[in-house]
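# Observations on the model geometry
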Amino acid sequence: MLALANAQARQLEEDGVLSLALPLAGGDPMLLLPQLEPTAGDGFRFLWDGAPGLCIAAAGRTNSLELSGPRRFELAQRFASASLSRLAAAPLGPPLARPRVLLAFAFFDAPLQSEPDGVPGVQAVLPRWQLSRQGQHCWLRLQRPIGGGVTPRQLAEELWEQARSLERLVADPSRPDRDAPGGVGLRWSSSWQERYRSAVEEALARVERGELEKVVLAVRQELRLDAAPDPLELLAPLRRHQSGSCRFLWQQRQGAALIGASPERLLTVRQGQLRSDALAGTAPAGDQATALLHSSKDRHEHELVVDTITAVLSQAGLSPRRPRHPRLARHGQLVHLHTPITAALGAQQPLTIAAALHPTPAVAGLPRREAMAWLRSLEPFERGHYAAPIGWIDSAGDADLRVAIRSGTLRGDRLELTAGAGLVRGSTVERELQEVALKLGVLQQQLNLPAQLRSNRSIV
């Protein structure tokens, strides 16, 4: 390890970063994430939990980018490419061990100026620590600039000691189990039905007049909890309840975190092959699920998404392929119409395609520009990260971006849950209210939060 660190350090340019990696004897990144945080660190934490697929935990910033504006995807791609190209990293280990730049976009290019907690258009981080696992293989990576008193030997020793410390924790049978039922209670829950009803009525009127072909209207519900939990306590149960989704955590600082379990893939790139998911049309699991395949309203809403994604990829110079008919995809207690769309990426950059795809009609509407403008008017809150891309790009050009739905923002003891429903011709106010209530209720239940208040006070 020392010889490798010294050899890699000699390749460094002036502003380069040394990146070292070691295999670990097992370990769950979700359980080990708290052990990765640097002493007096900056508070950044990230979790990408695709278990039983790829799972990534990361902590601390080595390089980072934060900006807003219409060029955010382009500039994020430049940052990722530059950060990864400047690494002195040996081609060691399997693909899961590659260095990654982590990405979280906002739904809109920039927050409204009146929003003090507005989310920037994009946040990108090259993490200090990265722990990756797939199957039985697990790798730990450390990334730091050399200089200012930091030597290659110090990095090698820091990585070695952290790896041994994590392996001792993995072997400890008394370590805590985050899947155990939590004790967080619910003190207060906001009312959203009447305000959402009036917004849906106005949106449907515009659909009926032909001003919009589709619009996806979201609602936000605020919950006050008995205590301020660690976001991992809320996230862990989703692994059990949402096994087909990708669970995620994006935490910029202590006390504020985005958590969720996304069933929707904006795009995945593996060895030059791109895949995007069209996911629209929702029903509770059970007898009503098969009715989705025969619902003209849901099939129409779904085909709008499929046709738009296919057209966007074609306009980008790709040759998309899709199955003729959608299938049912179950994610926890909800079932969706799902059509996978694939294409060879060619010479295109992943974030160039992501910029063209976001937002899909599954989370915004059609025509896109008009729908986006009406969302600003009809939704009485800032979407922030909701329904925006979150994910990563690695040093080989592979990427994975999910759409941040089935999500919430935790700020201390306040949890904000957001869910939406697609409005097209044939939609009814009551059905859309039921769909949103179902999504919010399922997410609350799967976070292991009680459905009722602990006190006798009614929910207002």
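Cut-offs and rules
Residues numbered from 1 in each chain as written. Predicted model: local features only at pLDDT ≥ 70, side-chain atom pairs only at ≥ 80, totals over all residues. Heavy atoms only, no water. Helix = DSSP H or I, 4+ residues; strand = E, 2+ residues; numbered from the N terminus. Rg over C-alpha atoms; globule rule 2.2 N^0.38 Å. Buried < 20%, exposed > 50% of the residue type's maximum accessible area, 1.4 Å probe, protein only. Contact = heavy atoms within 4.5 Å. Pairing = 2+ DSSP bridges. 1 Å grid on protein atoms, 1.4 Å probe; cavity = no way out; pocket = protein on both sides within 12 Å on 5 of 7 lines; lining within 4 Å. Points joined across faces, edges and corners; volume = space filled by probe spheres on them. Nonpolar A, V, L, I, M, F, W, Y, C, P; charged D, E, K, R; others polar.

The next subject is the overall build of the protein chain. Within the protein chain, the regular secondary structure consists of ten helices and 20 strands. Here the protein chain has a C-alpha radius of gyration of 22 Å; the compact-globule value for 460 residues is 23 Å, and the two agree. Once the C-alpha set of the protein chain is aligned to its principal axes, its extents read approximately 70 × 60 × 45 Å. Counting across all 460 residues of the protein chain, residues that qualify as buried make up 55%. Restricting to contacts in the protein chain with at least 6 residues of sequence separation, those with at least 24 account for 74%.

What follows deals with the pairing of strand β2 (residues 45-49). Most of β2 sits inside the fold, with five of its five residues counted as buried. Burial of β2 is two-sided: the residues Arg45, Leu47 and Asp49 facing one way and the residues Phe46 and Trp48 facing the other way are all buried. Pairing of β2 with strand β3 (residues 55-67) involves five bridges; the strand directions are antiparallel. What sits directly across from arginine 45, in β3, is alanine 59. Between the end of β2 and the start of β3, which pair antiparallel, lie five residues. Bridge count for β2 against strand β10 (residues 246-253) is five bridges, and the pairing is antiparallel. Bridging from a neighbouring strand, leucine 47 pairs with leucine 249 of β10.

Estimated volume of the largest pocket: approximately 560 Å³. The wall of the largest pocket is formed by 30 residues, among which Asp117, Gly118, Val119, Thr409 and Arg411 lie closest to the centre. Listed by contribution, the elements that provide at least two residues to the lining of the largest pocket are β10, β11 (256-262), β19 (407-411) and β20 (414-423). Class assignment for the residues of the lining of the largest pocket results in ten nonpolar, ten polar and ten charged. Here the second largest pocket is characterised by a volume of approximately 340 Å³. Lining the second largest pocket are 17 residues, and of these Pro70, Phe73, Asp109, Ala355 and His358 lie nearest its centre. For the lining of the second largest pocket, the element with the most residues is helix α3 (residues 72-85), which contributes four residues.

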